[in-house]
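# An overview of the molecular structure
Residues per chain are reported as follows:
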Amino acid sequence: MALKAGIVGLPNVGKSTLFNAITKKHILAANYPFATIDPNVGVVTVPDSRLTFLENLYLPKNTVPTSFEFTDIAGLVEGASKGEGLGNKFLSHIREVDSIVEVVRCFIDENIIHVSGKVDPIKDIEIINVELILSDLEIIENRLSKIEKKAQTTKEKETIAEYEVLKKCQQALLDNIPIRRLDLDEEEKLIIKNFNFITAKPIIYVANVNEEDAVVGKNEFTSQVEEYAAKENASVIVMCAKLESELAELEETDKKAFLKEIGISYSGLDKLIFATYDLLGLQTFFTVGKDECRAWTFKKGTNAKKAAGLIHSDIERGFIKAEIMKYNDLEELKDEKKVQEAGKLYLEGKDYIMQDGDIVYFRFNV
């Protein structure tokens, strides 16, 4: 399941440094705008202690964690929607992601240029959001110009429905309200799906602070970002991208020791990965055995038959039943046979809604 989160922000806010930490890649992170021109894509694994337990229990030949993609998109500038900087190209890259991680500069450093001359996180957020709104507005207005006459003169339900939902989105954007904040029903969401509106994508704000403020977990700037994000029920992750990039170079045991030493309970990156995973509406099921223990990503609400198709289309096509254990039961009893003897091995049909932590064996016949 190739789901992507796109990292956006103004130039020099720490996007590429954050991306380096996430993927342990060393892309150019220079102290000037447009250091990143083409989007950089990296696959990040989702930390999951449950998979470690299963690996220790089954001792498989292979262990495969679940993952998704982060895309580092070059810094947007004011006027990007009109092609300023390399705006149109960057905006097209954002359309291809499933969610947005907006990095906001919440630190003062005279050695790092700020494109606006001073640190002002709310102004920075609004510059980005206005450009995204203008980009979506252009698409809506182009489409409305093509269907408006037909919608007003025809009785064709599909055209009228499309016209009405686009007008609703247009008015919201004109009022500086992103589409994700609209209360659209499922039919309306389906109508606008193919337009791939940027402001319809869910968003997380990353407040990039210095190392001292990362230990405290806040500063005057992060409070401003949290207040802004609360208006759209968005999460804010406070972290120091530079520190996270340095932590990414350490072995896991050294990283944990260092975090403990400086008084941070969890890596900011781990918090971001979990928050993004949840933002995308993702959960995890497992397949286990001596050959392989593997975590699989699925969308909340996926039924057993569709989940089987994530492994192989033949398994979905020939689906018979799903044998399911709950992770908590296996962790408690530490043996498949004991789980079965306790009556906690369940046989489910194709319409069973998969749950996070399900351990599954799919019965199928092709």
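Reading the values: the criteria
- Residues numbered from 1 in each chain as written.
- Predicted model: local features only at pLDDT ≥ 70, side-chain atom pairs only at ≥ 80, totals over all residues.
- Heavy atoms only, no water.
- Pairing = 2+ DSSP bridges.
- Helix = DSSP H or I, 4+ residues; strand = E, 2+ residues; numbered from the N terminus.
- Axes fitted to C-alpha atoms, helices over the stretch in contact; angles between N-to-C directions.
- Left-handed = near helix turned anticlockwise from the far one by under 90°.
- Contact = heavy atoms within 4.5 Å.
- Nonpolar A, V, L, I, M, F, W, Y, C, P; charged D, E, K, R; others polar.
- Polar contact = N/O pair within 3.5 Å; in protein donor to acceptor, adjacent residues only side chain to side chain.
- Core = buried A, V, L, I, M, F, W, Y, C linked by side-chain atoms within 4.5 Å.
- Buried < 20%, exposed > 50% of the residue type's maximum accessible area, 1.4 Å probe, protein only.
- Salt bridge = Lys/Arg side-chain N within 4 Å of Asp/Glu carboxyl O.
- pLDDT = per-residue confidence, 0-100.
- Phe/Tyr/Trp six-rings, centres within 6.5 Å; stacked < 30°, edge-to-face > 60°.
- Lys NZ or Arg CZ within 6 Å of the ring centre and 35° of its normal.

Note: strand β10 (residues 319–326) against strand β12 (residues 358–364), 7 bridges, orientation antiparallel. Residue pairing in the sheet places Met-325 in a bridge with Ile-359 of β12. Note that β10 and strand β11 (residues 346–348) share 3 bridges and pair antiparallel. Each bridged residue has a counterpart across the sheet, and for Ala-322 the counterpart in β11 is Glu-348.

On the secondary structure map, Asn-12 appears in the loop between β1 (4–8) and α1 (15–23). Note: C-alpha distance between Asn-12 and Arg-105 (93 residues apart in sequence) is 8.1 Å.

Looking now at the packing of helix α4 (residues 121–153) against helix α5 (residues 157–174). Contact geometry for α4 and α5: axes closest at 9 Å, N-to-C directions at 145 degrees. Once α4 is placed against α5, the crossing between them reads as left-handed. Of the residues in α5, those in contact with Ile-133, Asp-136, Leu-137, Ile-140, Glu-141, Arg-143, Leu-144, Ile-147, Glu-148, Lys-150, Ala-151 and Gln-152 of α4 are Thr-159, Ile-160, Glu-162, Tyr-163, Leu-166, Lys-167, Cys-169, Gln-170, Leu-173 and Leu-174. Taken together, the residues of the contact of α4 with α5 sort by class into 12 nonpolar, 3 polar and 7 charged.

This part takes up the side chain of Ser-267. Tracing the backbone shows Ser-267 in the loop between α10 (252–262) and α11 (268–279). For Ser-267, the side chain forms a polar contact with the main-chain nitrogen of Leu-269, separated by 3.1 Å. Other than its neighbours up to four places away in sequence, Ser-267 contacts Glu-244 and Leu-259.

Burial of nonpolar side chains together is a common tendency in soluble globular proteins. Counting residues in hydrophobic clusters, the biggest one holds 61 residues, and the most contacted among them are Leu-18, Phe-70, Ile-94, Tyr-205 and Leu-272. By size, the runner-up hydrophobic cluster in this structure holds 16 residues, among which are Ile-133, Leu-137, Ile-140 and Ile-179.

Time to look at the pattern of salt bridges. All chains considered together, the criterion is met by 18 salt bridges. In this structure, the salt-bridge partner of Asp-358 is Lys-326, at a minimum N-O distance of 2.8 Å. Highlighted residues: Asp-358 in strand β12 and Lys-326 in strand β10, separated in sequence by 32 residues. According to the relative accessible area criterion, Asp-358 is buried, its value standing at 0%. Take Lys-326: its relative accessible area is 26%, and that puts it in the partly exposed class. Several salt bridges share partner residues, and in doing so they unite Asp-48, Arg-50 and Asp-356 into one network.

So, about the confidence of the model for the protein. Looking at the protein as a whole, the pLDDT averages 86, with 89% of positions reaching at least 70. The secondary-structure element of the protein with the lowest mean pLDDT is helix α3 (residues 87–95), recorded at 66, while β12 shows the highest, at 97. This stretch, residues 26–37, has a pLDDT under 50; its non-local contacts, to residues over four places away or in other chains, come to 36 contacts. Contacts of residues 83–87 to residues separated by more than four positions or lying in other chains number 9 contacts, the stretch itself having pLDDT below 50.

Evaluated as defined, the whole model comprises 8 aromatic pairs. With a centroid separation of 5.3 Å and 5 degrees between ring planes, the pair formed by Phe-195 and Phe-197 is classed as stacked. Each member of the pair, Phe-195 together with Phe-197, is buried. Members of the aromatic cluster, each reached through a chain of ring pairs, are Phe-285, Trp-296, Phe-298, Phe-319 and Phe-362. For Arg-294, the ring lying beneath its charged end belongs to Trp-296, and the centroid distance is 4.2 Å.

The phi torsion at Leu-59 lies on the positive side, around 50 degrees, for a residue other than glycine. With respect to the helices and strands, the residue Leu-59 is situated in the loop between α2 (49–58) and β3 (62–64). Here the phi dihedral of Asn-176 falls at roughly 65 degrees; this positive angle occurs in a residue that is not glycine. Along the polypeptide, Asn-176 turns up in the loop between α5 and α6 (186–192). Assessed through its relative accessible area of 45%, Asn-176 is described here as partly exposed.

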